[in-house]
Amino acid sequence: MFLNITQKIIKSHLVSGNMIAGEEISIKIDQTLTQDSTGTMAYLEFEAIGIPRVKTKRSVAYIDHNTLQSGFENADDHKYIQTVTKKHGIYFSRPGNGICHQVHLERFGIPGQTLLGSDSHTPTGGGLGMLAIGAGGLDVAVAMGGGAYYITMPKVVKVNLVGKLKPWVAAKDIILEVLRLLTVKGGVGKVIEYSGEGVKTLSVPERATITNMGAELGATTSVFPSDDITKEFLKAQGRESDFSYILPDDDAAYDEEITIDLSKLVPLAAKPHMPDNVDTVKNIGKIKVDQVAIGSCTNSSYMDMMKVAKILKGKTVAEDVSLVISPGSRQVLNMLSQNGALADMISAGARILETACGPCIGMGQSPKTDAISLRTFNRNFEGRSGTKSAQVYLVSPETAALSAINGYLSDPTELDISNEIEMPEKFLINDNMVVEPAPENNDVEVVRGPNIKEYPVNGKLEMSVTGKALIKVEDNITTDHIMPSNAKLLPFRSNVPYLSNFCLAPCDDKFPERAKENGGGFIIAGSNYGQGSSREHAALAPLYLGIKGVIAKSFARIHMANLINSGILPMTFADEADYDKIDMMDTLVIDNLLDSVKNDNSLVVKNVTKGTEFKVNFALSDRQRDIMALGGLLNYTKEMSK
Ligand code: MIC
Ligand code: SF4
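Everything numeric in this text was worked out from a predicted model, so none of it was measured. (Residues numbered from 1 in each chain as written. Chains lettered and ligands numbered in written order. Predicted model: local features only at pLDDT ≥ 70, side-chain atom pairs only at ≥ 80, totals over all residues. Heavy atoms only, no water.)

Focus: the sheet that holds strand E2 (residues 24-27)
Then comes step 1: Ordered by their spatial adjacency, three strands build an open sheet running E1-E2-E8, and the pairing between neighbours is antiparallel. Pairing within the sheet leaves two strands with one partner each, and these edge strands are strand E1 (14-16) and strand E8 (149-152). Pairs of neighbouring strands in the sheet enclose a mean axial angle of 45°, with direction left out of account.
Then comes step 2: In this structure, E2 lies alongside E8, joined through four bridges in antiparallel fashion. Residue serine 26 lies in a different strand from E8, and its bridge partner there is tyrosine 150. (Pairing = 2+ DSSP bridges. Helix = DSSP H or I, 4+ residues; strand = E, 2+ residues; numbered from the N terminus. Axes fitted to C-alpha atoms, helices over the stretch in contact; angles between N-to-C directions.)

Printed below as a string of structure tokens:
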């Protein structure tokens, strides 16, 4: 049997199931990562499971999302994470050390291993040849406890890269092209595996830019081979011993294949408000720009920053533009400061931010009303910047830097300077901001400040439920709609009761109140409901508001898993036309919920208001049936360990 990379890594980690696309399998997890905004939940859940010491090969907790500390809340969260990780065997990357995915790539990722992270951009690790998957915090907590991770065996799409990029065309343009071709729904149930001669022309951080933004395809993950270029990268990180070749067999089979000729690509941009709304920079034209933000886990590697510095050198940021730059890690920032590139950025007028997520998650730098903002990030959902009327375009660092100088969207292929940057033979290695865990059987005290609240746990599934259709939303609703994240809300990630007051507010700000008044009910949605972040708060806040089920045309992978983990049934319309037949505040009744969840794949929902009924489907494995019946994964995990 000839295997592709995805199948090889799955095979060597398979715990249960058959490797047949569409069937449930479970795999052993070697490494985990968390970040602060999902980490508090993940560690509260880990504590609730009650296992004293992590059982993974390496687990790392990062602080990168909320570093503004505009009140005591974040500092409380950080202290909780720092102490709970020390106690239970998890490495702690202190604030200032960098963005989780960038630091993990540099310092911890190992080719051929599995990585589960409580952040949807965990697939960044695929740039190193890892099978790196984003999940909800509870799944990560279970994996830290040694439990297997359950997924649907994915289909594997081969993206055959041929040729070489033209000067100033970037890895970002490759993934934007893939998004243009496949769309934000195109990766669901699939792993995107990169292959072909063109792979050899891309450095590890460039590959990581591509696998990072594979999250926007809805893919399970994306992966590159681990080859001689990977070996060089790990050597330069002082980690050659972590290297091994991970290559597909010569005759490996794939479920689908697309070819991209790198030499034909031109600079691209994702227009507002979806990452797949892609056009060429040339076609969009020289629109005036108000803000340029360079950074994020997609585009803040050393090479990205060096290209930006090269374009900025000796120039001044255009008068009407605010340029902010956040290097991805302390390693990157330190190297830029030592080789003079940081000075070039500062001289040009760039505002240098901390090595953290920053503006990408709306933590500061919200642009002005109606602003045009160019960002090197991975998401441009409406309102994510903190300014609802802002028009965010996603571009490469090269396009961003030149546009900041010119004051309008500019095509960097018009630059007449060389784009050559040398990959350093040795990166600056200093892990002094990574705190090692305490030895086993320690007496570390876990510090729980007042910001750390209990999280909601569902009760057992009821036999029948009645509730109103409390809200009806369109296609492609993101987790940023369901549980918005911004500088005002991020401090409350450990406080679900407070957060629930803002649940689905970008769609309808009366929803939380209505849900409370009616004692809960149902959410009605279009297709790809819950795309984007891995935040379980998008399931926990509805749970807190009494949501009993979500009926949608289709779901995004991580959010659907988070709903099941919270004991909320994700149902899909058997006939999508039924979506149009429900109105908000119709009363819906499901008579045999528990029996159906235990035994069937569908059930009938009565619309009492309209005197009609319609069929919905749900695809649950036997394990998920048990999880649902018990009211969620936490109850299930406790029950299983009795
Ligand atoms: C994001 O990019 O939306 C985040 C913030 O990193 C999230 C995690 C979160 O909501 O905390 C993600 O992508 O999973
Ligand atoms: Fe942080 Fe943005 Fe990356 Fe999410 S997408 S991990 S917020 S940098």
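As for unusual backbone geometry
Then comes step 1: Between proline 272 and the following residue, histidine 273, the backbone shows a cis peptide bond with an omega angle of -5°.
Then comes step 2: Along the chain, histidine 273 turns up in the loop between strand E13 (268-270) and strand E14 (278-280).
Then comes step 3: With a phi close to 55°, asparagine 476 is a non-glycine residue in the positive phi region.
Then comes step 4: Structurally, asparagine 476 can be placed in the loop between strand E21 (465-472) and helix H14 (479-482).
Then comes step 5: In this structure, asparagine 528 is a non-glycine residue whose phi angle is positive, near 60°.
Then comes step 6: Looking at the element boundaries, asparagine 528 is found in the loop between strand E22 (521-525) and helix H17 (537-544).
Then comes step 7: Judged by its relative accessible area of 3%, asparagine 528 falls in the buried class. (Buried < 20%, exposed > 50% of the residue type's maximum accessible area, 1.4 Å probe, protein only.)

With respect to helix H7 (residues 204-212)
Then comes step 1: Among the nine residues in H7, eight count as buried, and that is most of the element.
Then comes step 2: Those residues of H7 not exposed but buried are Val204, Pro205, Arg207, Ala208, Thr209, Ile210, Thr211 and Asn212.
Then comes step 3: On its buried face, H7 is in contact with helix H4 (100-107), helix H6 (171-182), strand E10 (190-195), strand E11 (221-223), helix H8 (228-236) and helix H10 (302-312). (Contact = heavy atoms within 4.5 Å.)

Quick look at the side chain of serine 59
Then comes step 1: With respect to the secondary-structure elements, serine 59 resides in strand E4 (residues 58-62).
Then comes step 2: A distance of 2.6 Å separates a polar atom in the side chain of serine 59 from a polar atom in the side chain of threonine 56.
Then comes step 3: Those residues in contact with serine 59, other than ones at most four positions away along the chain, are Thr32, Val54, Ile90, Tyr91 and Met144. (Polar contact = N/O pair within 3.5 Å; in protein donor to acceptor, adjacent residues only side chain to side chain.)

Focus on the site of ligand 2
Then comes step 1: Inspection of the region around ligand 2 gives His65, His101, Asp119, His121, Ser296, Cys297, Cys357, Cys360, Ile361, Asn378 and Arg384 as its neighbouring residues.
Then comes step 2: A class-by-class count of the residues in the shell around ligand 2 yields four nonpolar, five polar and two charged.
Then comes step 3: Looking at the shell around ligand 2, you find at least three residues from each of domain 1 (5-262) and domain 2 (287-409). (Near = heavy atom within 4 Å. Nonpolar A, V, L, I, M, F, W, Y, C, P; charged D, E, K, R; others polar. Domains from an automatic or database assignment.)

Structural notes on the pattern of salt bridges
Then comes step 1: Under the defined criterion, the tally for this structure stands at 29 salt bridges.
Then comes step 2: Between aspartate 30 and lysine 57 there is a salt bridge; the shortest N-O distance is 3.4 Å. Here the residue aspartate 30 occupies a position in the loop between E2 and strand E3 (31-34), and lysine 57 occupies one in the loop between helix H2 (36-49) and E4, the gap between them amounting to 27 residues.
Then comes step 3: Using a relative accessible area of 60% as the deciding quantity, one classes lysine 57 as exposed.
Then comes step 4: Among the ionic pairs, lysine 606 bridges to aspartate 591, the shortest N-O distance being 2.6 Å. In this pair, lysine 606 sits in strand E26 (residues 602-607) while aspartate 591 sits in the loop between strand E25 (587-590) and helix H19 (593-599), placing the two residues 15 residues apart along the sequence.
Then comes step 5: Owing to a relative accessible area of 39%, aspartate 591 belongs among the partly exposed residues under this scheme.
Then comes step 6: In this structure, a network of salt bridges that share partners links the residues Lys282, Asp411 and Glu414. (Salt bridge = Lys/Arg side-chain N within 4 Å of Asp/Glu carboxyl O.)

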